[in-house]
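Secondary and tertiary structure notes
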Amino acid sequence: MKTTLRKIAPGLLIVSFFVLWELICLIFGISHLVLPRPTQIVTTFFEYAPAIWPHAQQTLYTTMVGFSAGVVIGLLLGILIGSSKLAYETAYPLLVGISSIPKVAVVPIFVLWFGAGTVPAILTAAIICIFPIVVNTATGIATVEPELEDVMRSLKATKTEILWNIGLPRSMPYFFASLKVAITLSFVGSVIAETVASNKGVGNMMLIASSSFNVPLVFAGLMVLATMGIVFYAIFALIERRVAGWAMRKTM
């Protein structure tokens, strides 16, 4: 019974949320220019689906390229910082400073360097997801139990072998936790860049729709972004169960 309830609970919550949204809009007579009903959003999505699809493809492309680059860079930096106390003390403050900069502020700089279009969106998606990956990977490696390292040293293991056999596996739960955060941030970065420096993408489509007061289309764009984010979150959660299932809480 508990297992069945646990499986259907997310779906029930989502359905209840949209039903409540629909009822509130109907009961209080809220205009679609302020807050469209879910049924209006779905209708608009299917009406504009041929026009939405190219923009969704562009956003997905820029997000995945930027996210992939951010994962590679973040993982390498996380391994470096987590493996060396000197690197941690030296590089971590710089990373915090860079992460504190609003990403929308760097988009105009990317436009000056690379011109408007795809490249600024890719770079924004990359830099916005690097920090959580670096922090989580470095934390996982740096918090390896000293007893495990002592055992490996007693077996004449090198520092690289300790990192490969203990540090990296130990950091996997942290790494996958950061991936699930980073993928959503990457979509945010892509959309920010598309609203500022692109003529294609869901962000640009939403900007044009809002300027013409087509609010249901704006929400349809949000629905597309939310769906893509949920799908990739679920994919990484599934991979996490395969790779780092040993670190998860057992079913009660």
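These numbers were taken from a predicted model, which means no experiment stands behind them. (Residues numbered from 1 in each chain as written. Predicted model: local features only at pLDDT ≥ 70, side-chain atom pairs only at ≥ 80, totals over all residues. Heavy atoms only, no water.)

**Some thoughts on the overall build of the protein chain**
Basically, it comes down to this: A run of H or I in DSSP counts as a helix once it spans at least four residues, and a run of E counts as a strand once it spans at least two, with each numbered from the N terminus. Burial classification: accessible surface area is computed with a 1.4 Å probe over protein chains only, and a residue below 20% of its type maximum counts as buried, one above 50% as exposed, and the rest as partly exposed. Contacts: residue pairs with any heavy atoms within 4.5 Å of one another. Areas reported as accessible are Shrake-Rupley estimates using a 1.4 Å probe. Residue values count occlusion only from the protein chains shown. In this tally, Lys and Arg are treated as positive and Asp and Glu as negative; His is ignored, and so are the chain termini. Throughout, a charge is located at the NZ atom of Lys, the CZ atom of Arg, the CG atom of Asp or the CD atom of Glu.
On a plain count of helices and strands, the protein chain comes out with nine helices and zero strands. For the protein chain, buried positions account for 38% of its 252 residues. The long-range fraction of contacts in the protein chain, counting pairs at least 24 apart against all pairs at least 6 apart in sequence, stands at 74%. Within the structure as shown, the protein chain displays about 14700 Å² of accessible surface, and the carbon and sulfur contribution to it stands at 73%. Averaged over its 16 positive side-chain charges, the protein chain has a centre that lies 6 Å from the centre of its 10 negative ones.

**Topic: helix α4 (residues 103-114)**
To be explicit about the condition: For a helix, the expected span equals 1.5 Å multiplied by the residue count minus one.
For α4, built from twelve residues, the straight-helix expectation of 16 Å at 1.5 Å per residue is met to within 8% by its first-to-last C-alpha distance of 16 Å. Looking at the buried positions of α4, the neighbouring elements they touch are α3 (85-100), α5 (118-142) and α7 (159-197). Backbone geometry just downstream of α4 places Gly115 in the positive-phi region, at approximately 80°.

**Quick word on the nonpolar core**
Here is a general trend for soluble globular proteins: nonpolar side chains tend to be buried in one another's company. Defined as follows: Put simply, buried Ala, Val, Leu, Ile, Met, Phe, Trp, Tyr and Cys residues joined by side-chain atoms within 4.5 Å make one nonpolar core.
In this structure, Phe67, Phe175, Leu179 and Leu225 are the most contacted members of the largest nonpolar core, which totals 33 residues. Breaking this core down by element, the ones donating at least two residues are α1 (2-27), α2 (38-83), α5, α7, α8 (202-211) and α9 (215-244). In terms of residues, this core owes the most to one element, α9, which gives eleven residues. Discounting chain neighbours no more than four positions away, the residues touching Leu179 are Phe67, Val71, Ile133 and Phe236.

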